[in-house]
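Each chain, letter by letter, is given below.
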Amino acid sequence: MIEIKNVKKNFGKLEVLKDVSLKVDKGDVVVLLGPSGSGKTTLLRCINFLEQADEGMLTIDNQTVNLHTASSKEKLQIRKKTAFVFQNYGLFQNKTALQNITEGLITARKVSTKEAIKKAEEVLAWVGMLDKKDYYPSQLSGGQQQRIGIARAVALDPDVILFDEPTSALDPELIGEILTLIRNVAKKGITMIVVTHEMSFAQEVASKVVFMADGVVVESGTPKEIFYTPKEERTKKFLERIL
Ligand code: ADP
């Protein structure tokens, strides 16, 4: 359903992605694991054109584009099929919770204002934030802001949601509730690619775990395979350090 092929990306002399390929099936929850600096975030950002890859192809829902040379129209088409949940929430500071959700629906999805408000209220209720719909991000806690970030992604009804370390900016006591919310997104059957350091979450929720190091996919498999019978030395070393 989603195929990423031969993605390469350098920042100056630094080779951040060295020929990364990945296949994701519909409904998959793919967790990207790996040491800091291994290129996980950059890979997610290349899929959504937040970064321009130097090489590579992306197929989503039968549309294939070149990640380096895609036209503005192609980028827009791919962005319509994806939604991004940011580490620092990525909310518009000058818009209310409700407006943060309606904005993309109205401008990118061309939904009527009335429909967009209805959808936004529906997802705000789903994340338990309807009573805060007129609050601005600065009036909300990190956990509440991330609820809005996740509600916004779900409202767009994308083919895939890309989560970039969605809990790493949160205070420890708020992490659990956001992970529960992400579990509930997964239960909806939405395809997801999640960069996270939350290992128990990865073990429980992932249908596939991809271990990256130094800009390459070292190995991938079911959570059981990766956590209990890793094949590669680099995976074993990483797991020993963190588990
Ligand atoms: P990970 O998500 O696995 O921690 P990243 O994709 O964030 O890794 O980063 C991979 C490497 O690329 C790191 O060394 C990081 O410093 C570098 N990097 C990421 N973004 C940029 C950028 N915009 N400019 C220069 N270097 C970057």
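So, how was this worked out
- For every chain, the first residue of the written sequence is number 1, and numbering continues from 1 onward in sequence order.
- In view of the model being predicted, local features appear only for residues whose pLDDT reaches at least 70, and side-chain atom pairs are presented and counted only at 80 or more, with totals across whole chains, interfaces and linings using the full set of residues.
- Secondary structure counts use DSSP, requiring at least four H or I residues in a row for a helix and at least two E residues in a row for a strand, with both numbered from the N terminus.
- Radius of gyration: C-alpha atoms only; globule rule: 2.2 Å multiplied by the number of residues to the exponent 0.38.
- For every residue, the other C-beta atoms within 10 Å of its own C-beta are counted; 20 or more classify it as buried, 12 or fewer as exposed, and values in between as partly exposed. C-beta atoms are placed from the backbone.
- A pair of residues counts as a contact when their C-beta atoms, built from backbone coordinates, are within 7 Å of each other.
- At least two bridges found by DSSP between two strands is the condition for calling them paired.
- Axis definition: a line fitted to C-alpha atoms, over the contacting stretch in the case of helices. Angles run 0 to 180 degrees between N-to-C directions.
- Near, for a residue, is defined by distance from a backbone-placed C-beta atom to a molecule or strand, with 6 Å as the limit that must not be exceeded.
- Under this grouping Gly is polar, as are all residues other than the nonpolar Ala, Val, Leu, Ile, Met, Phe, Trp, Tyr, Cys and Pro and the charged Asp, Glu, Lys and Arg.
- UniProt positions are given in the numbering used here, feature names are shortened, and annotations may be inferred rather than shown by experiment.
- With respect to orientation, any angle under 35 degrees is reported as roughly parallel, any angle over 145 as roughly antiparallel, any angle of 65 to 115 as roughly perpendicular, and every other angle as oblique.

1. Details of the overall build of the protein
Then step 1. Within the protein, the secondary structure is distributed over nine helices and ten strands.
Then step 2. Here the C-alpha atoms of the protein give a radius of gyration of 18 Å, agreeing with the 18 Å that 2.2 N^0.38 yields for 243 residues.
Then step 3. Reported as C-alpha extents along the three principal axes, the dimensions of the protein are approximately 50 × 45 × 30 Å.
Then step 4. With 243 residues in all, the protein has 41% of them scored as buried.
Then step 5. Contacts in the protein between residues at least 24 apart in sequence constitute 64% of all its contacts with a sequence separation of at least 6.

2. Description of the sheet that holds strand E10 (residues 216–221)
Then step 1. Judged by pairing direction, the sheet is mixed, and its six strands sit side by side in the order E6-E7-E8-E3-E9-E10 without closing on themselves. At either margin of the open sheet sits one strand with a lone partner, and together these are strand E6 (82–85) and E10. The average angle at which neighbouring strand axes cross in this sheet is 20°, direction not considered.
Then step 2. Two strands pair when backbone bridges link them, and E6 and strand E7 (residues 160–164) are joined in this way by four bridges, in the parallel orientation. By the bridge assignment for E7, Ala83 is matched with Ile161.

3. Here we look at the site of the ligand
Then step 1. Contacts to the ligand come from Phe11, Leu14, Val16, Gly34, Ser36, Gly37, Ser38, Gly39, Lys40, Thr41, Thr42 and Val195.
Then step 2. If you list the elements that add at least two residues to the shell around the ligand, you get strand E2 (14–24) and helix H1 (40–47).
Then step 3. Per-element accounting of the shell around the ligand gives the leading share, three residues, to H1.
Then step 4. A per-class count over the shell around the ligand returns four nonpolar, seven polar and one charged.

4. Overview of the sheet that holds strand E1 (residues 2–11)
Then step 1. Taken in spatial order, the four strands line up as E2-E1-E4-E5 in an open sheet, and their pairing is antiparallel. With one partner strand each, in any of the chains shown, E2 and strand E5 (63–66) form the two edges of the open sheet. Along the sheet, successive strands turn relative to each other by an average axial angle of 15°, direction set aside.
Then step 2. Direction of pairing for strand E4 (residues 55–60) relative to E5: antiparallel, over a ladder of four bridges. Its bridge partner being in E5, Met57 is matched across the sheet by Asn66.
Then step 3. This element, H1, spans E1, E2 and E4 of the sheet and lies at about 115° to E1.

5. Here we look at the pairing of E10
Then step 1. For strand E9 (residues 208–213) and E10, the ladder comprises five bridges, and the chain directions are antiparallel. Looking at E10, one finds that Val210 is bridged to Ser220.

6. Observations regarding the pairing of E4
Then step 1. Burial along E4 is one-sided: the residues Gly56, Leu58 and Ile60 are buried and none of Glu55, Met57 and Thr59 is.
Then step 2. Examined bridge by bridge, E1 and E4 share five bridges and lie antiparallel to one another. Within the sheet, the bridge partner assigned to Lys8 lies in E4 and is Glu55.
Then step 3. Between E4 and E5, which follow one another and run antiparallel, lie two residues, and Asp61 among them has a positive phi close to 50°.

7. Quick notes on the UniProt feature "domain: ABC transporter" (unreviewed entry) in the protein
Then step 1. Feature annotation in UniProt assigns "domain: ABC transporter" (unreviewed entry) to the following positions: residues 2–239.
Then step 2. Measuring from the first to the last C-alpha atom of residues 2–239 gives 27 Å, for a span that is 39% helix and 26% strand.

8. Thoughts on the packing of helix H5 (residues 142–155) against helix H6 (residues 172–187)
Two quantities define a packed helix pair, namely the angle between the axes and the distance from one axis to the other.
Then step 1. Where H5 contacts H6, the two axes come as close as 10 Å, and the packing angle between them is 10°. When the interaxial angle is binned, H5 and H6 end up roughly parallel. Between H5 and H6, the contacting residues are Gly142, Gly143, Gln146, Arg147, Ile150 and Val154 on the first element and Leu174, Glu177, Ile178, Leu181, Ile182 and Val185 on the second.
Then step 2. By residue class, the composition of the contact of H5 with H6 is seven nonpolar, three polar and two charged.

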